[in-house]
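Below are the chains, spelled out letter by letter.
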Amino acid sequence: MTPEEMFDEAFDSAFNDRRNLIAFLEGIETAHVHWRPPDGEWSLHENLEHMLLTDNYYARSLEKSLAEAVESGSWDTGPENPQKMSREALRRREQGRVPAPDFLIPKGEGEFGDMITRLMPNREAVHQMMLPHRSTDMSRLTHKHFRYGDLNIYDRIVYSGTHDFLHQDQMTRVLQAPGYPGSG
């Protein structure tokens, strides 16, 4: 695959997951978005806030990785023998709570509808930031993920969509949790 094909495939996946997430969120009645299940899962609002915090962190750290590669001229920061988790394994990993770093934990800020409207522009901003590098092979340029280690840039782009998918799944569990005030 050419760098352009890898770039386009990664962003197609990430954009598809983001569109699916937005469609899901736009169908949610906002009256109960702050309700938390008794099992301690995040509320719908907390999930969405976390996703926006993650978007911002991801964009800043990706921008830093790209700037370092441009400055150094090295687009190979991958380890000699990388241990790689497949994209499919990342997507179907065991569901449930995964601890987030403190700086990505929601604080109850923002209005749900406004946060939804920020989702696509965030994804588009990352795409625009990376477009100048579309023809550069970034398959060995790694981007550190706090849980999954060094992911190459293409896998990290795909994982940004996978993150949407996993939180959509988590929010579905909240909507289906016993006692959710919007059910029945």
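Throughout what follows, the structure given in this document is the object of discussion. Worth saying up front: this structure is predicted, and the values here are computed from it rather than measured. Residue positions are counted from 1 within each chain, in the order its sequence is given. At least 70 in pLDDT is required for a residue's local features to be given in this predicted model, at least 80 for side-chain atom pairs to be given and counted, and no such filter applies to totals for whole chains, interfaces and linings, which use all residues. The side-chain numbers reported here are obtained from all heavy atoms of the structure, hydrogens and water having been left aside.

### Looking at helix α5 (residues 153-176)
Thought 1: Elements are defined by DSSP. Helices are runs of H or I of four residues or more, strands are runs of E of two residues or more, and each kind is numbered from the N terminus. What a helix should span is 1.5 Å times the count of its residues minus one. Here α5 spans 35 Å end to end across 24 residues, near enough to the 34 Å set by a 1.5 Å rise per residue.
Thought 2: Taking burial as the measure, the 24 residues of α5 include 18 buried ones, the bulk of the element. Three exposure classes are used, based on accessible area relative to the maximum for each residue type with a 1.4 Å probe and protein chains only: buried under 20%, partly exposed in between, and exposed over 50%.

### With respect to the nonpolar core
Thought 1: With 37 residues, the main nonpolar core has Leu25, Leu44, Phe112, Met130, Met138 and Ile157 as its most contacted residues.
Thought 2: Sorting the residues of this core by element identifies α1 (3-26), α2 (44-72), α4 (112-130) and α5 as the ones contributing at least two each.
Thought 3: With 10 residues, the top contributor of residues to this core is α1.
Thought 4: If sequence neighbours within four positions are ignored, methionine 130 has contacts with Phe7, Phe11, Leu62, Leu66, Met138, Ile153 and Ile157. What is meant by a nonpolar core is a set of buried Ala, Val, Leu, Ile, Met, Phe, Trp, Tyr and Cys residues, joined one to another through side-chain atoms within 4.5 Å. In this description, contact between two residues means that some pair of their heavy atoms is separated by no more than 4.5 Å.

### Digging into the packing of α2 against α5
Thought 1: Only C-alpha atoms enter the line fits that serve as axes; for helices the fit covers just the stretch in contact. Angles between N-to-C directions range over 0 to 180 degrees. Direction vectors running N to C along α2 and α5 enclose 170°, while the axes themselves pass 10 Å from each other. Taken as axis vectors, α2 and α5 run roughly antiparallel relative to one another. Of the residues in α5, those touching α2 at Leu44, Asn47, His50, Met51, Thr54, Tyr58 and Leu62 are Ile153, Arg156, Ile157, Ser160, His163, Asp164, His167, Gln170, Met171, Val174 and Leu175.
Thought 2: We call Asp, Glu, Lys and Arg charged. Ala, Val, Leu, Ile, Met, Phe, Trp, Tyr, Cys and Pro are nonpolar, and the rest, Gly among them, are polar. A breakdown of the residues in the contact of α2 with α5 according to their chemical character gives 9 nonpolar, 7 polar and 2 charged. Small angles under 35 degrees read as roughly parallel and large ones over 145 as roughly antiparallel, with 65 to 115 read as roughly perpendicular and the rest as oblique.

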